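Chain by chain, the residues:
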Amino acid sequence: MRLRLATEPASPARPNEDFAGVTSNAVVVVDGAGTPAGLESGCSHGVAWYAHTLGSTLLAAVTQNTGPLAEILSQAIRTVASLHDFTCDLSHAGSPSATVAMLRRTEDAVEWLVLADSVVVLDTGPAQPIVICDDRVERIGARYRARMDDLRSGSPEHTEAFRRYVETLREHRNREGGFWVAAADPLAAEHALTGSVPVDRLRAAALLSDGASRLVDLFGLATWRQVLDLLDGSGPEELIRRTREAERGDPDGSRWPRGKAYDDATAVFWSFS
Ligand SMILES: [Zn+2]
């Protein structure tokens, strides 16, 4: 068994709002949803604190607790909320939130959980990889992003349109018919995608924050199979390097319109062979 991990902030000047952690039987990736300048969150701790606290709580819990992953996530959301509900306004629409991707190996299976737009890719052999991605954020976002996508990343107009976009999305967060993320409400965990695959069918698995999956699902510069091969051969650092190269080649988003020109990127590769 081999585990490799890389994580990098969008810019060295900013905290990494992604979290990645591994034990001998579990992987946890958490991607905190950034709060654009000018938007309130009701929390004095910030998104990086939320993502890292949720991630480390999950990693400890998933290592000790054999219960269902969704239940572990629900308890972790509750635990983190209890760490700041007496100082922060957790009913605020913009209170810190995060996507979650988890894998746990049991005796004969590998279980997965995905909440919001992090991606789990399962390599089960010569067939097409199994890609688990919760596309509810993207489907809701598609209704509102046209104006932002028409503007050049880095311009004041784009920054303002991105702020409005994030503000609008907040109205759909953790609501029926909207999308679900880890924030203050433990019920969100019930909406996570979960499943398992027999361990003897699995060659490898990858967990990617959307800052790393964008090489495939936003830029279209690689297939999932190519990403698995890249992770296996050259490692997660190389996936992030190629992603940065693509971002640098399109700094104003004219080829690939996007909210963030650069994003925190995290990739974990777990090989079972
Ligand atoms: Zn707080």
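The shown structure was predicted, so the numbers you read here are calculated from the model rather than taken from an experiment.

It is worth spelling out the overall build of the protein at this point. Each helix and strand in the protein was counted, giving eight helices and ten strands. Overall size of the protein, expressed as C-alpha extent along the three principal axes, is 50 × 45 × 35 Å. The contacts in the protein between residues at least 6 apart in sequence include a share of 73% that link residues at least 24 apart. Per element, the accessible surface of the protein, about 12,100 Å² overall, is 50% carbon and sulfur. In the protein, 28 positive and 38 negative side-chain charges are present, and the distance between their average locations comes to 3 Å.

Right, let's talk about the coordination of the zinc ion for a bit. Protein-derived ligands of the zinc ion are C43 (SG), H45 (ND1), H84 (ND1) and C88 (SG), with the metal-ligand distances lying across 2.1 to 2.5 Å. Because the angles between the four donor atoms bound to the zinc ion fall within 94 to 117°, the donor set is best described as tetrahedral. Donor residues binding the zinc ion come from one chain and are separated in sequence as C-x1-H-x38-H-x3-C. Pair noted here: C43 is in the loop between β3 (26–32) and α1 (47–64) and H84 is in helix α2 (residues 69–84), with a separation of 41 residues, a long-range link. Judged by relative accessible area, which is 12%, C43 ranks as buried.

Another aspect to go through is the packing of helix α7 (residues 224–233) against helix α8 (residues 236–249). Interaxial distance between α7 and α8 falls to 6 Å at its minimum, and their mutual angle equals 125°. Taken together, the axes of α7 and α8 lie oblique to each other. Seen from α7, the contacting residues are V227, L230 and L231; seen from α8, they are P236, E238, L239 and R242. Here the residues of the contact of α7 with α8 are counted per class, giving five nonpolar, no polar and two charged.

Tracing the chain through its elements places R214 in helix α6 (residues 210–217). Given a relative accessible area of 6%, R214 falls into the buried group. Among the polar contacts listed, one links the side chain of R214 to the side chain of E247, at a separation of 2.7 Å. Apart from residues no more than four positions distant in its own chain, R214 is found in contact with F219, G220, T243, E247, R258, K260, A261, Y262 and D263.

With that settled, the discussion passes to α7. Considered for burial, the residues of α7 that qualify are W224, V227, L228, L230 and L231. One face of α7 carries all of its buried residues, which in axial projection span an arc of 165°. Following α7 by one or two positions, G235 adopts a phi angle in the positive range, close to 95°.

The next point concerns the pattern of salt bridges. The full count for this structure, using the stated rule, is 21 salt bridges. As a salt-bridge pair, R104 and E111 come within 2.7 Å of each other at their nearest N and O atoms. The salt bridge involving R258 is made with D250; its shortest N-O contact spans 2.8 Å. With respect to class, R258 is no different from D250; both count as buried. A single network of salt bridges, built from pairs that share partners, joins E8, R214, R244 and E247.

Bringing unusual backbone geometry into the picture now. Its identity is not glycine, yet A116 carries a phi of approximately 70°, on the positive side. A relative accessible area of 1% means that A116 is categorised as buried.

Okay, the pairing of strand β4 (residues 98–105) next. With seven of eight residues buried, β4 lies mostly within the body of the structure. Relative to β4, β3 runs antiparallel, the two sharing seven bridges. Across the sheet, G32 pairs through a bridge with A98, a residue of β4. The pairing of β4 with strand β5 (residues 109–115) spans six bridges and is classified as antiparallel. By the bridge assignment for β5, L103 is matched with W112. Where β4 folds back onto β5 in an antiparallel hairpin, the turn is made up of three residues.

An order of β2-β3-β4-β5-β8 is seen for the five strands of this open sheet, with the pairing classed as antiparallel. A single partner strand is all that each edge strand has here, and the edge strands are β2 (18–22) and β8 (193–198). Put simply, the sheet's adjacent strands are angled 10° from each other on average, direction ignored. Along the sheet face, α1 touches β2, β3 and β4 and points at about 165° away from the line of β3.

Conventions we followed
- Residues numbered from 1 in each chain as written.
- Predicted model: local features only at pLDDT ≥ 70, side-chain atom pairs only at ≥ 80, totals over all residues.
- Heavy atoms only, no water.
- Helix = DSSP H or I, 4+ residues; strand = E, 2+ residues; numbered from the N terminus.
- Contact = heavy atoms within 4.5 Å.
- Areas by Shrake-Rupley, 256 points an atom, 1.4 Å probe, with all protein chains shown as cover.
- Lys, Arg positive; Asp, Glu negative; His and termini not counted.
- Charge placed at Lys NZ, Arg CZ, Asp CG, Glu CD.
- Donors = N, O, S within 2.8 Å, 3.2 Å for Na, K, Ca; no water.
- Tetrahedral: all angles 85-135°; square planar, octahedral: opposite > 155°, others 65-115°.
- Buried < 20%, exposed > 50% of the residue type's maximum accessible area, 1.4 Å probe, protein only.
- Axes fitted to C-alpha atoms, helices over the stretch in contact; angles between N-to-C directions.
- Parallel < 35°, antiparallel > 145°, perpendicular 65-115°, else oblique.
- Nonpolar A, V, L, I, M, F, W, Y, C, P; charged D, E, K, R; others polar.
- Polar contact = N/O pair within 3.5 Å; in protein donor to acceptor, adjacent residues only side chain to side chain.
- Arc of directions from axis to C-beta.
- Salt bridge = Lys/Arg side-chain N within 4 Å of Asp/Glu carboxyl O.
- Pairing = 2+ DSSP bridges.

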